[in-house]
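Structure at a glance
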Amino acid sequence: MPSRFVTLVLFASLFSLFAQSPTVPYAQFFGPDFDNVHVDHGYPNTTQSIEKVDFRNMRLIVFDPSGKTDTVLQFKNGGRKWKEKGGEADEARIEEVDSLPAGTGGAQFALVVFHWLSIAEAANADGYAQVFRLVNHDLRVVQQLRWNEQFETKEKYSFDAATKTLTARSVHYLTGDAHCCISAMDIFTLQWKDGAFVQTGVKTELSDYGKREGKTLPK
């Protein structure tokens with residue numbers, strides 16, 4: 001989606017002010033394409049257990065990099081396909097739902113990971129991870145992570161349930177890269193702590209395309 005892509009580029013520079021940033025230089029006009037925002041949006045709920053919440057059939061709110069509501073995605077059986085005016089085709093799907101350690105005051109938490117692919121003049125693919133909290137029937141989404149998946153790699157993200165570690169891989173444009181052919185990726189590591197995912201590290205590696213083309217990371 002072109003408008004979504006432009007918005008994310010404009011907010012990318014703000015990321016470096018609040019979190020660890022990669023040290024490998026980017027192509028001109030590009031920067032870290034990763035958002036970590038704290039939000040607070042409530043959902044109607046009647047259950048006392050977050051494990052009984054049917055996230056795969058919910059109207060999930062998607063937030064922009066400033067934490068404001070951007071889009072509402074109505075999922076059915078974990079997926080949704082639709083078309084926009086002008087011929088753009090979109091597809092979203094929930095990849096996984098995981099329980100997270102309980103917090104103070106009986107707070108229960110869950111992690112919901114989903115992907116959103118938009119195809120118009122060019123393709124844009126984003127991964128999202130949202131943290132939900134349930135306390136006394138009050139279900140709220142309290143954090144959203146987003147990364148750009150428009151590059152080649154075998155694994156775009158991973159979640160280690162044992163260590164409660166989330167790893168997200170996002171595009172890293174090098175000089176000369178086209179939108180279709182991105183040479184590197186930023187690997188963000190986040191650890192579950194006190195009711196939220198906290199970034200603990202970031203590193204840059206070549207993407208599968210970059211390796212295949214014999215690219216090297218600039219210093």
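Before any of the text, the structure's been laid out above.
None of the values given here were measured: they were computed from a predicted structure.

1. Overview of the packing of aromatic side chains
Overall, the coordinates contain twelve aromatic pairs when judged by the stated rule. Judged by centre distance (4.1 Å) and plane angle (10 degrees), the ring pair of Phe-34 and Phe-188 falls under stacked. Taken as a pair, Phe-34 in strand β1 (residues 34-43) and Phe-188 in strand β11 (residues 184-193) lie far apart in primary sequence, 154 residues in all. Its relative accessible area of 0% is what places Phe-188 among the buried residues. Look at Tyr-43 and Phe-132: their rings are 5.6 Å apart centre to centre, the planes differ by 50 degrees, and that puts the pair in the tilted class. Here Phe-132 lies in strand β7 (residues 123-135) and Tyr-43 lies in strand β1, a separation of 89 residues in the sequence.

2. Focus on the pairing of β11
Within β11, seven of the ten residues are buried, which leaves it mostly tucked inside the rest of the structure. Where strand β10 (residues 165-172) lies against β11, eight bridges are found, and the strand directions are antiparallel. Each residue of the ladder has a partner; that of Leu-166, found in β11, is Leu-190. Two elements, β11 and strand β12 (residues 196-206), share ten bridges in a ladder whose sense is antiparallel. Bridge pairing links Trp-192 to Phe-197 in β12. The turn linking β11 back onto β12 is made up of two residues, and Asp-194 within it adopts a positive phi angle of 55 degrees.

3. Quick look at unusual backbone geometry
The phi angle of most residues is negative, glycine excepted, and most peptide bonds adopt the trans form. Although it is not a glycine, Phe-29 adopts a positive phi angle of roughly 75 degrees. Here Phe-29 lies in the loop between α1 (2-15) and β1. Of note, the phi angle at Lys-164 is positive, near 55 degrees, even though the residue is not glycine. Summarising the element assignment, Lys-164 is placed in the loop between β9 (157-160) and β10.

4. Concerning the environment of Val-24
One can find Val-24 in the loop between α1 and β1. For Val-24, a relative accessible area of 12% gives the class buried. With 135 residues separating them along the chain, Val-24 and Phe-159 place their C-alpha atoms 25 Å apart. Sequence-distant contacts of Val-24, that is, excluding residues within four places in its chain, are made with His-172, Leu-174, Thr-204, Leu-217 and Pro-218.

5. With respect to the sheet that holds strand β5 (residues 89-100)
Reading across from one edge, β1-β8-β7-β6-β5-β4 is the order of the six strands in this open sheet, with antiparallel pairing throughout. The open sheet terminates on both sides in strands that have one partner only, identified here as β1 and β4 (79-83). The average undirected angle you get between the axes of adjacent strands in this sheet is 20 degrees. Both strand β6 (residues 108-119) and β7 contribute to a ladder of twelve bridges, which runs antiparallel. Across the sheet, Trp-116 pairs through a bridge with Asp-126, a residue of β7.

Cut-offs applied
Residues numbered from 1 in each chain as written. Predicted model: local features only at pLDDT ≥ 70, side-chain atom pairs only at ≥ 80, totals over all residues. Heavy atoms only, no water. Phe/Tyr/Trp six-rings, centres within 6.5 Å; stacked < 30°, edge-to-face > 60°. Helix = DSSP H or I, 4+ residues; strand = E, 2+ residues; numbered from the N terminus. Buried < 20%, exposed > 50% of the residue type's maximum accessible area, 1.4 Å probe, protein only. Pairing = 2+ DSSP bridges. Contact = heavy atoms within 4.5 Å. Axes fitted to C-alpha atoms, helices over the stretch in contact; angles between N-to-C directions.

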